[in-house]
Amino acid sequence: MKILVINAGSSSLKYQLIDMDGEVMLAKGNCERIGIDGKFTHKTSGGYSSTVDVEMRDHTAAFEQVKRALTEGEGRVVEDLSEVSAIGHRIVQGGSKYDHSVLVTEEVIQDIAGYASLAPLHNAAHVQGIRAAIAAFGEKVPQVVVFDTAFHQTMPPKAYMFGLPYAYYEKYKVRRYGFHGTSHRYVSARCFELLGRPGGVGTKIITCHLGNGSSLAAISDGKVIDTTMGLTPLDGFLMGTRSGAVDPSAVLFIMEKEGLTPAQMNEILNKKSGVLGISGVSSDDRDLDKARAEGNLRAHLAWELRTYQIIKYVGSYISALGGVDAIVFTAGIGENQSLLRSEVLKSLSYLGVRVNEEKNQIRGQEIEITTADSTVRAFVIPTNEELVIARDTRALVNQL
C-alpha cells in the first residue's frame, strides 16, 4: 500500500509518498508560495532532486504538480496514480472532539473549518488541502485526517484549564490543547520500546520536541498529562520567533504604549519574538551558534534564556509525574544540539542523571545518551510525523 501524506499550509503543500510495505519513503517535496510566484521541490529516495519556479494559483494546481512529479520524468516513483491507495492529512487543531484520527467526510471537513478560529493560520489551509486532494484524486481514494491535538486529549481538566472565567471555556472552548502531538506520539512509542515497556504502562517520560517551534509533554502510563503549548502554539517556552509564555500584563502594557492592535501584537508575539527577538540575529540555531562563538552577548542571552526555560519545564514535569524514567529529545534542535541536551540533563545531576558526553555528540541518529549508572535514561529519537500519519491512514483504510 502506497500512502500520500499531506501537510497543507496557507501558501504551501508539503508531501511524502510512503510505501507501507517496509515503511519506505519513496518521494517527498514542497509546493511553496502557492498563489504568489511559486516554487516546487521534489526529491526521491533514489537521490533525484529538483527545484523549479512554477506558478500554482491554488492548492488544486499544486496537487497537479505533485501528481506529475510522482508519475513523470526522472523523479517518477510510480507508474500510475492508481498506485496511491490513500491520502493522509496533518491537521493542526481538532478541538476536544477528535482524540483520534478519522476518515474524511463532509462532516469532518466542516468540523475542521469550524475550529479555524482556534488555529486561523492552519485549519482553513487544511480544508483547502483536503478539498484540493479530492479534486485531484477523486472521491474514491480514501482520505484520513490526523490531528496534532489528538494525542494530548488525555490531559485532565486541572492541566488544560486556564485561570479565566469559566464562561469563556463554555462559550469559546478556551483551554490548553497542545500541539506537535504526532511527534510526541511517535517518539514516546519508540521510547517505550527502548525501555522494554511497549504501550508505556508503568512508565513516566518527558518528550522534548525542540525545533523552530517547540513543546514538551509529560507522559504517564502512555498518556499525556500535561504539555507546554496551550490554546495555540504560542504558549510554553522561548522558540525561534515565538515568545512562549509571557506575563499578560506585559502584552497589555506594550499594546497601550505602542498603540498596537491585537493583530499587530499577535504578529510581534508569533513572528518577531523568541530567539530572533532576543538575539536580534536570527531564529535559526546555526546562526545563533555562530553569533555566540563571535561573542554576541544577545545571542548568548537568547541561548541561555531558552535553555533555562526548558530546564524549568522539565523539572516541573518531573514533579507532576512524581518522578521520571526517561527523557527524549527530538526535532531539529533536539536531534542536533548536543550542548543544549547536555545542559538540560546536567541540571538533573542531583537526581543521579549522568550524561555520556561521547555518545551525546551524535547528530540526527537514535541513541541513548546517558551512562549505564544514570538513574534516568535519556534518548535522542529522530521524529517521523509523516509515518504516524501514514500508519493511521493505513489502519483506517484497512477497516473499510
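Thresholds, definitions, all that
Residues numbered from 1 in each chain as written. Predicted model: local features only at pLDDT ≥ 70, side-chain atom pairs only at ≥ 80, totals over all residues. Heavy atoms only, no water. Salt bridge = Lys/Arg side-chain N within 4 Å of Asp/Glu carboxyl O. Helix = DSSP H or I, 4+ residues; strand = E, 2+ residues; numbered from the N terminus. Buried < 20%, exposed > 50% of the residue type's maximum accessible area, 1.4 Å probe, protein only. 1 Å grid on protein atoms, 1.4 Å probe; cavity = no way out; pocket = protein on both sides within 12 Å on 5 of 7 lines; lining within 4 Å. Points joined across faces, edges and corners; volume = space filled by probe spheres on them. Pairing = 2+ DSSP bridges. Contact = heavy atoms within 4.5 Å. Axes fitted to C-alpha atoms, helices over the stretch in contact; angles between N-to-C directions.

S.K.: Lay out the pattern of salt bridges with the relevant residues and their values.
M.R.: Evaluation of the coordinates by the stated rule reveals 21 salt bridges. Note that Glu193 is salt-bridged to Arg190, the shortest N-O span being 2.8 Å. Remark: Arg190 and Glu193 occur in helix α6 (residues 181-194); sequence separation between them is three residues, near one turn of the helix. The class of Glu193 is partly exposed, set by a relative accessible area of 47%. Here Arg190 falls in the partly exposed class, since its relative accessible area comes to 26%. One connected set of salt bridges, linked through shared partners, spans Glu23, Arg391 and Arg394.

S.K.: How would you explain the layout of surface pockets if you had to name every residue and give the values?
M.R.: Empty space among the atoms becomes visible once a probe the size of a water molecule is rolled across them. Quantified by volume, the second largest pocket comes out at close to 320 Å³. Lining the second largest pocket are 18 residues, with Asp284, Asp285, Arg286, Gly332 and Ile333 sitting closest to its centre.

S.K.: Tell me what's going on with the sheet that holds strand β4 (residues 39-44), and back it up with residues and numbers.
M.R.: Taken together, eight strands build an open sheet; the order of strands is β5-β4-β3-β2-β1-β6-β8-β7 and the sheet is mixed. This sheet does not close on itself; its edge strands, each paired only once, are β5 (49-53) and β7 (102-103). The pairing of strand β6 (residues 84-91) with strand β8 (residues 143-147) spans five bridges and is classified as parallel. The residue of β8 that forms the bridge with Gly88 is Val144. Along the sheet, helix α1 (residues 59-71) contacts β1 (2-8), β2 (13-19), β3 (24-32) and β4; its crossing angle with β2, the most-contacted strand, is approximately 35°. The strands touched by helix α3 (residues 123-137) are β1, β6 and β8; relative to β6, the strand with the most contacts, the crossing angle is about 170°.

The values are spatial; any link to function lies outside them.
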